[in-house]
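Here is how the chains run, residue by residue.
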Amino acid sequence: MGSTGFVFEPRKNNISTPGAARVLRRPGAKDRNRSRKVEMKRALITGITGQDGSYLSELLLGKGYEVHGIVRRAAIEDPEHRMSRIQHILPRLRIHAGSVDSFSSVFSVVQSVQPDECYHLAAQSFVAYSFEDEFSTLMTNINGTHHILSSLKQVTPRCRFYFAASSEMFGNSPPPQNENTPFRPRSSYGISKLTGYHLVRNYREANGLFAVNGILFNHESPRRGYEFVTRKISSRAARIKKGKARELRLGNLEAKRDWGHARDYVEAMWLMLQADAPDDYVVGTGESHSVREFLTLAFQHLGLDYREFVSADPSYFRPAEIYDLVADPSKARDKLGWKSRHRFVDLVREMVDSDLASLA
């Protein structure tokens, strides 16, 4: 099969600013040989344009990796908007047009890249949407994971594989949740991630792949999508402060989550693939905070009382709510040496400050 990949490169008179003009070319054998001579590790990331993909790309580039990413062709045609989170590092990345929904597309990219490590982050990850369109959520998330695992098995079985599982798989199992807690997913998103989790374990045990599941609890940052409750709060609070909005409508304010910083969590992903043997890990802070607590801190940081602007809207409540998710990350701490470094209050303030600055 021929490669579907393209490489973003700066022009000779490179202006390394967001939106700088770039040319596209197909990567060839010379690129691969030159990289191998200096023993540069090669990583392939799905979901590279997302929050986690952008932070992971920065981390790997900083460690000297050659970083490749799969994106939909629409993103390549509109990089300033669809690749906004990676604009600042785009000249250093190798971007391939493809879709995890297509096995032939995934196979072709894997065959071209020959990765040493593969991080599968792409998914339909907005839980609320999974209640509206469970079919596309299940098909994209399950098939995409299967396509990548099968391609790696056939093309480069020595590649180490990371799968972004989710704390949503636990549902309402009593907290704190660890690697031995029973799974009880309460959405098609959680079901799709649990299926991917078992696919990974099956490929690891039946085919000998170095494949791991990262069961990550909620992780946020200024790069979080606006549809997620944390970013909805930080962005609307900033707009209210600036007089650009008057109210914020939310769902269940008493739902509790274990919220950490995405920058810390991508380091855990990398550490999992550096271990001597493949395994599955829960990643979180070990602290539980309610949506109401997040609201209070965000508005207080701006000198506001959230009660004057926020109201509960039944239309935002989940059909099947998860009430309390909090990680027990002791295994990741003991075996990988990983721990969360960002405090909850600092995360909230960072997100609010970023959204406020964007309105200046």
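All figures in this text were calculated on a predicted structure; none of them were measured in a lab.

1. Some details on helix α7 (residues 134–155)
Part 1 of the argument: Between its first and last C-alpha, α7 extends 31 Å over 22 residues, near the 32 Å set by a 1.5 Å rise per residue.
Part 2 of the argument: Along α7, the residues that are buried comprise T137, N141, G144, T145, H147, I148, L149, S150, S151, L152 and V155.

2. Side note on the nonpolar core
Part 1 of the argument: Membership of the largest hydrophobic core comes to 41 residues, with the highest contact counts inside it found for L60, L93, I95, Y119, Y162 and M272.
Part 2 of the argument: When near neighbours in sequence (up to four residues on either side) are disregarded, M272 contacts Y162, F210, V212, N213, G214, L216, Y281, V283 and L336.
Part 3 of the argument: With 33 residues, the next largest nonpolar core counts V113, I148, L149 and Y203 among its residues.

3. Remarks on the packing of helix α9 (residues 229–241) against helix α11 (residues 291–301)
Helix packing geometry: the angle between the two helix axes and the distance between the axes.
Part 1 of the argument: Look at α9 against α11: their axes get within 10 Å of each other, and the N-to-C directions meet at 30 degrees. The orientation of α9 with respect to α11, classified from their angle, is roughly parallel. Here α9 runs over α11; the crossing is right-handed. Between α9, through V229, T230, I233, A237 and I240, and α11, the contact on the second element is made entirely by V291, F294, L295, A298 and F299.
Part 2 of the argument: Here the residues of the contact of α9 with α11 are counted per class, giving nine nonpolar, one polar and no charged.

4. Concerning the sheet that holds strand β3 (residues 42–46)
Part 1 of the argument: What the seven strands build is an open sheet, ordered β5-β4-β3-β6-β7-β8-β13; its pairing is parallel. A strand with exactly one partner marks an edge of an open sheet, and here the two such strands are β5 (94–97) and β13 (280–283). Each strand axis lies, on average, 20 degrees off the axis of its neighbour in the sheet, ignoring direction.
Part 2 of the argument: Sheet strands touched by helix α2 (residues 51–62): β3, β4 (66–71) and β6 (117–120). Its angle to β3, the strand with the most contacts, is close to 175 degrees.

5. A closer look at helix α8 (residues 188–207)
Part 1 of the argument: Between its terminal C-alpha atoms α8 stretches 27 Å, which fits the 28 Å expected from 20 residues at 1.5 Å a residue.
Part 2 of the argument: Listed as buried for α8 are S188, Y189, G190, S192, K193, L194, G196, Y197, L199, V200, Y203 and R204.
Part 3 of the argument: Once α8 ends, the next one or two residues include G208, with phi positive near 75 degrees.

6. Quick notes on the packing of aromatic side chains
Part 1 of the argument: Under the definition given, this model contains 10 aromatic pairs.
Part 2 of the argument: Ring plane angle 70 degrees and centroid distance 5.0 Å describe the contact between F183 and Y197, whose orientation is recorded as edge-to-face. Taken together, the residues span a long stretch of sequence, with F183 in the loop between β7 (160–166) and α8 and Y197 in helix α8 at a distance of 14 residues.
Part 3 of the argument: Under the relative-accessibility criterion, F183 is labelled partly exposed at 23%.

7. Some remarks on the side chain of D264
Part 1 of the argument: Mapped onto the fold, D264 is located in helix α10 (residues 262–274).
Part 2 of the argument: With sequence-adjacent residues up to four places away left out, D264 is seen in contact with W338, S340, R341 and H342.

8. Quick look at the pattern of salt bridges
Part 1 of the argument: By the definition in use, this model includes 21 salt bridges.
Part 2 of the argument: One salt bridge connects D313 with R249, and the closest N-O pair in it is separated by 3.1 Å. With a gap of 64 residues between them, D313 in the loop between β15 (310–312) and α12 (330–336) and R249 in strand β10 (residues 248–250) connect regions that are remote in the sequence.
Part 3 of the argument: If you follow the salt bridges from partner to partner, you end up with R201, R204, E205 and D280 in one network.

9. Looking at the pairing of β6
In regular strands, side chains alternate between the two faces of the sheet.
Part 1 of the argument: A two-sided burial pattern is seen for β6, the buried positions comprising E117 and Y119 on one face and C118 and H120 on the other.
Part 2 of the argument: In the sheet, β3 pairs with β6 via four bridges, with the strands oriented parallel. What sits directly across from T46, in β6, is H120.
Part 3 of the argument: Relative to β7, β6 runs parallel, the two sharing four bridges.

10. Here's the deal with unusual backbone geometry
Part 1 of the argument: P176 follows P175 through a cis peptide bond whose omega is -5 degrees.
Part 2 of the argument: Residue placement: P176 occurs in the loop between β7 and α8.

11. With respect to the confidence of the model for the protein
Part 1 of the argument: On average, the protein scores 89 in pLDDT, and the residues at 70 or more come to 87%.
Part 2 of the argument: In this model residues 1–5 is a low-confidence stretch, pLDDT under 50, and it forms 20 contacts with partners more than four residues away in sequence or in other chains.

12. Overview of a positive patch on the surface
Part 1 of the argument: Side chains of R236, R239, K241, K242 and K244 sit close together on the surface and give a patch of like positive charge.
Part 2 of the argument: By the secondary structure assignment, R239 is in helix α9.

13. Notes on the pairing of β3
Part 1 of the argument: Of all five residues making up β3, five are buried, and the element is well covered by its neighbours.
Part 2 of the argument: Side chains of β3 alternate between two faces, with R42, L44 and T46 and A43 and I45 buried alike.
Part 3 of the argument: Strand direction decides the pairing type here: β3 and β4, joined by five bridges, are parallel. Its bridge partner lying in β4, T46 is registered against I70.
Part 4 of the argument: In the classification by handedness, the crossover that spans β3, the intervening α2 and the parallel β4 is right-handed.

14. Side note on the environment of D264
Part 1 of the argument: Residue classification places D264 among the buried positions, given a relative accessible area of 0%.
Part 2 of the argument: Of note is the side chain of D264, whose polar atom sits 3.0 Å from the backbone nitrogen of R341.

So, how was this worked out
- Residues numbered from 1 in each chain as written.
- Predicted model: local features only at pLDDT ≥ 70, side-chain atom pairs only at ≥ 80, totals over all residues.
- Heavy atoms only, no water.
- Helix = DSSP H or I, 4+ residues; strand = E, 2+ residues; numbered from the N terminus.
- Expected span 1.5 Å × (residues − 1).
- Buried < 20%, exposed > 50% of the residue type's maximum accessible area, 1.4 Å probe, protein only.
- Core = buried A, V, L, I, M, F, W, Y, C linked by side-chain atoms within 4.5 Å.
- Contact = heavy atoms within 4.5 Å.
- Axes fitted to C-alpha atoms, helices over the stretch in contact; angles between N-to-C directions.
- Parallel < 35°, antiparallel > 145°, perpendicular 65-115°, else oblique.
- Left-handed = near helix turned anticlockwise from the far one by under 90°.
- Nonpolar A, V, L, I, M, F, W, Y, C, P; charged D, E, K, R; others polar.
- Pairing = 2+ DSSP bridges.
- Phe/Tyr/Trp six-rings, centres within 6.5 Å; stacked < 30°, edge-to-face > 60°.
- Salt bridge = Lys/Arg side-chain N within 4 Å of Asp/Glu carboxyl O.
- pLDDT = per-residue confidence, 0-100.
- Patch = residues over 30% accessible without salt bridge, like charges linked within 9 Å, V, L, I, M, F, W, Y side chains within 5 Å.
- Areas by Shrake-Rupley, 256 points an atom, 1.4 Å probe, with all protein chains shown as cover.
- Lys, Arg positive; Asp, Glu negative; His and termini not counted.
- Charge placed at Lys NZ, Arg CZ, Asp CG, Glu CD.
- Right-handed = clockwise from strand over helix to strand, strands pointing away.
- Polar contact = N/O pair within 3.5 Å; in protein donor to acceptor, adjacent residues only side chain to side chain.

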